[in-house]
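Analysis of the macromolecular model
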Amino acid sequence: MTGIVVADYRDPSHQKALLDLLDDYARDPMGGGKGLSSRVRETLIPALTDQPGAFSILAFDGDEPVGLVNCFQTLSTFKARPLINIHDVTVKASHRGQGISTRMLREVEAVARQRGCCKLTLEVLEGNRIAQQVYRKFGFNSYELDPALGQALFWEKKLPD
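Residues numbered from 1 in each chain as written. Predicted model: local features only at pLDDT ≥ 70, side-chain atom pairs only at ≥ 80, totals over all residues. Heavy atoms only, no water.

Judged by how many residues are buried, strand 2 (residues 55-61) sits mostly within the fold: 6 of 7 residues are covered. For strand 1 (residues 2-6) and strand 2, the ladder comprises 5 bridges, and the chain directions are antiparallel. Residue pairing for strand 2: Gly3 is matched across the bridge by Phe60. By the bridge criterion, 7 bridges tie strand 2 to strand 3 (residues 64-76) in an arrangement that is antiparallel. Each bridged residue has a counterpart across the sheet, and for Ser56 the counterpart in strand 3 is Asn70. (Buried < 20%, exposed > 50% of the residue type's maximum accessible area, 1.4 Å probe, protein only. Helix = DSSP H or I, 4+ residues; strand = E, 2+ residues; numbered from the N terminus. Pairing = 2+ DSSP bridges.)

Below, the structure written as structure tokens:
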């Protein structure tokens, strides 16, 4: 049975699980195909700890970490209430298809409800059809204010390191 927990950023075993799972995700084509840099591995946990509203969900199969969701609380200006942005969702390839991501998303939703949030948001790659199916089944949909104006697009502008 897989256990789902809110990560304790002070717990060394949770720190290692988070970094190893995120590195595994980063190496996957859906995560960009490159592992985490040594700088990121050294600074991510302190950065998460210092980020107000940040939390992570970990899934374990026994003692083995198999799933991760990283989340950040921010504010919906249209609702004047907090919201949770789901930033990373990953399940180890060996454990996919077992409903682990759905169980982790349920825990994210529980935390969001405890915090009085008005919604959950996330981004998903257009070509990641499996993840889209999971998210739609969980209740996520594309975002639009007016069908005549179309769906919202997620854009980025990279800044130099």
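On we go.
Because each turn of an α-helix spans 3.6 residues, side chains separated by three or four positions end up pointing in the same direction. Taking 1.5 Å as the rise per residue, helix 2 (residues 38-50) with 13 residues should run 18 Å; its terminal C-alpha atoms sit 19 Å apart, in good agreement. The sharpest bend along helix 2 reaches about 40° and sits at Leu44, with the proline Pro46 one to four residues further on. Here helix 2 has its buried residues at Leu44, Ile45 and Leu48. (Expected span 1.5 Å × (residues − 1). Bend = angle between axes of the 7 residues up to and from the residue.)

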